[in-house]
Amino acid sequence: MTSKDTPVRVRFAPSPTGHVHLGSARTALYNYLIAHQTGGQFVLRLEDTDQKRYVPGSEQELMDGLRWLGLEWDEGLDIGGPYGPYRQTERKEIYQKYAQQLIDSGHAYYCFCSPQRLERVRKQQMRDKVPAHYDGTCRRLDPDEAATRVAHGEAHVVRFKMPREGSITVIDRLRGPITYENRNLDDYIIVKSDGLALYHLAAISDDHMMKITHVIRGSEWLSTFPLHAHIIRAFGWEEPQWLHLSVFLRPSGKGKMSKRESGELLKDGYSIYIKDLEELGYLPEAVVNWIALMGWSYDDHTEFFNMPDLIEKFSLDRLNPSPAAINFSKLDHFNGLHIRALSLSDLAARVKPFLEKADYQVDDDRLLKIAPIIQERLVTFEDVVEVAGFFFEETVNPNFEDLVGKNMTPSDSAQAARKACELLASLPEITPQAAEQPLRALAGQLGLKPGQFFGILRVAVTGRKVSPPLLESMAVIGREKVLERLQNAIQMLENTPRAS
Ligand code: GLU
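Residue indices begin from 1 for each chain and proceed along its sequence in written order. Per-residue local features are limited, in this predicted model, to residues with pLDDT of at least 70; the limit for side-chain atom pairs, both in listing and counting, is 80 or more; totals at the level of whole chains, interfaces and linings are taken over all residues. Heavy atoms throughout the structure, all of them, feed into the side-chain values; hydrogens and water do not.

Participant: When you look at the overall build of the chain in this model, what are you seeing that I'm missing?
Facilitator: Each helix and strand counted, the chain has 21 helices and 12 strands in total. Here the chain has a C-alpha radius of gyration of 32 Å; the compact-globule value for 500 residues is 23 Å, and the former is much larger. Counting only residues that meet the buried cut, the chain has 49% of its 500 residues in that class. Areas reported here follow the Shrake-Rupley algorithm with a probe of radius 1.4 Å; residue values treat only the protein chains shown as occluding. Carbon and sulfur atoms make up 51% of the accessible area of the chain, which totals about 24,100 Å². Positive charges are assigned to Lys and Arg, negative charges to Asp and Glu, while His and the chain termini are left out of the count. Charge positions are represented by NZ for Lys, CZ for Arg, CG for Asp and CD for Glu. Computed over 60 positive and 68 negative side-chain charges, the inter-centroid distance for the chain is 5 Å. A run of H or I in DSSP counts as a helix once it spans at least four residues, and a run of E counts as a strand once it spans at least two, with each numbered from the N terminus. Values of the radius of gyration come from C-alpha atoms, whereas the globule rule sets the reference at 2.2 Å times the count of residues to the power 0.38. Relative accessibility under 20% of the residue-type maximum defines a buried residue, over 50% an exposed one, and the middle range a partly exposed one, all with a 1.4 Å probe and only protein chains included.

Participant: Where do I start with the pattern of salt bridges in this structure?
Facilitator: Proximity of charged atoms lets side chains of opposite charge pair with each other. The salt bridge definition used is simple: a Lys or Arg side-chain nitrogen within 4 Å of an Asp or Glu carboxyl oxygen. All told, the structure shown has 32 salt bridges when counted by the stated rule. Among the ionic pairs, Asp 206 bridges to Arg 45, the shortest N-O distance being 3.5 Å. Here Asp 206, found in helix H6 (residues 199–209), pairs with Arg 45, found in the loop between strand E2 (41–44) and helix H2 (58–69); they are 161 residues apart in sequence, far enough to count as distant. Here Asp 206 and Arg 45 have matching classes, each one buried. Here Arg 350 ties to Asp 346 by a salt bridge, and the two come within 3.2 Å at their closest N and O atoms. On the criterion of helical spacing, the pair formed by Arg 350 and Asp 346 is a turn pair, its members being 4 residues apart in helix H13 (residues 344–357). Under the relative-accessibility criterion, Asp 346 is labelled partly exposed at 29%. Each of the salt bridges in this network shares a partner with another, and the network as a whole consists of Arg 11, Arg 45, Glu 47, Arg 91, Asp 206 and Asp 207.

Participant: What is the right way to look at the site of the ligand in this model?
Facilitator: Neighbouring residues are identified by heavy atoms, a residue being near a molecule or strand if any of them is within 4 Å of it. Surrounding the ligand, one finds Arg 11, Ala 13, Pro 14, Ser 15, Glu 47, Tyr 199, Arg 217 and Trp 221. Pairing of N or O atoms within 3.5 Å defines a polar contact, subject to two protein rules: one partner must be a possible hydrogen donor and the other a possible acceptor, and residues neighboring in sequence count only if both atoms are side-chain atoms. Residue Tyr 199 places a side-chain N or O atom 2.9 Å away from an oxygen atom belonging to the ligand. Note on residue categories: nonpolar means Ala, Val, Leu, Ile, Met, Phe, Trp, Tyr, Cys or Pro, charged means Asp, Glu, Lys or Arg, and polar means any other residue, Gly included. Its residues assigned to classes, the shell around the ligand comprises 4 nonpolar, 1 polar and 3 charged.

Participant: Help me out: how do you make sense of the side chain of Arg 464 in this one?
Facilitator: Checked against the element boundaries, Arg 464 lands in the loop between helix H19 (450–462) and helix H20 (470–477). At 4.1 Å, Glu 393 is the nearest oppositely charged side chain to Arg 464, a buried residue that forms no salt bridge. Within the structure, Arg 464 has its side chain in polar contact with the backbone oxygen of Glu 386 (distance 3.0 Å). At 3.0 Å, the side chain of Arg 464 and the backbone oxygen of Thr 462 are in polar contact. Residues within four places of Arg 464 in sequence aside, it is in contact with Val 385, Glu 386, Phe 390, Glu 393, Arg 458 and Val 459. Contacts: residue pairs with any heavy atoms within 4.5 Å of one another.

Following this line, the structure appears as structure tokens:
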């Protein structure tokens, strides 16, 4: 239905109630993709009518998160646009006007019931074992009398006058037609007692005024879908296309992830929050690739997509309505793929802040030399500290036990290190080309397997049992430091520590 030559107008309309999670990021992404694919507009609107749930700072986090992912909006929040303001609390008068229109046309009414009375009704309904719903007391009031009470300042809300009979059929692009029986729907509140419209009226009015053609949102909004359709039809407005995306499930595939579980997850280096993923060293490109495929596929085998690919290939017709289990090993996999797709200078620039955060003084030339030998070894940018920190250390402090070669004594290990040190000192330069063959030959002469021999040298020079390729690493560290570190290791091995 969307073809590449019919520009869509879509919106991402989050509420500022906490961190941006994977589900909202994916909703934003799909909206962004379809807007860019069709040459349309992607609008960012803040649905902040529920001030009780407002979390300070979340609006900024939201914009930072979207920008980090590369999902820049064409209209909205901080940049404005022709249909602003884009923050619902700044559009109060607009909603009041529309609420009045619904009251005047008989589709809504004033309700004066006190919270105490509503509570009594609810309790009685529980005792009668019927679903909680408004009992319709004020629905029966004479509209003129109700208007007079409002004019006299009596506290009130506005409720939508839901038809009691019949049904409504709505079309979801993913699920096809869905029919809801009106008798199961309530007379929902659309304007609160403080005069501020609730999300339902606000969102529908905004979508209309902002000329939104496609509403793409999470399937948690399916339950209010019939109310939204009723409101639109009451106004006689043209309906957008609706599409409710699948939900995300726990990695096990069972149920949704709770707040507590997402906290636990962080201990394993994962998170469902965009801000955390950035801090954990994931690439925005990898996160985008990963979430794009949680509910959409291009074919049954292509898995690497960057943003231009996605803009070209994404299609609403290939969305999958079944819930998607969050698979963090896939995220690691995509992160690796995207790290390897970076240019060396980009990789260097992007890992630098992680080294600095770990208090390393980073020399850019050196980092650029390191980039090619670590590119294959990073799962996240944060790994750079473990994988490459030793390049920026003055000295390394190997463990004595690690320095001793496999099945060797400390003095044999010292002897091997001394011979290697002499050999390296005699070479004009320490590079893989100059040093590899002579070192291998030396291992043979000493009757050592390459693994034993190079293991000692690796621990001596890098301070670690696992490191990037040893000779390439030595070339970066430089002759003087390599020899110095070998000398230190020899000394350690000769002064066998007392048993502790
Ligand atoms: N404000 C809603 C949210 O926080 C958006 C619902 C919609 O897109 O209609 O998810």
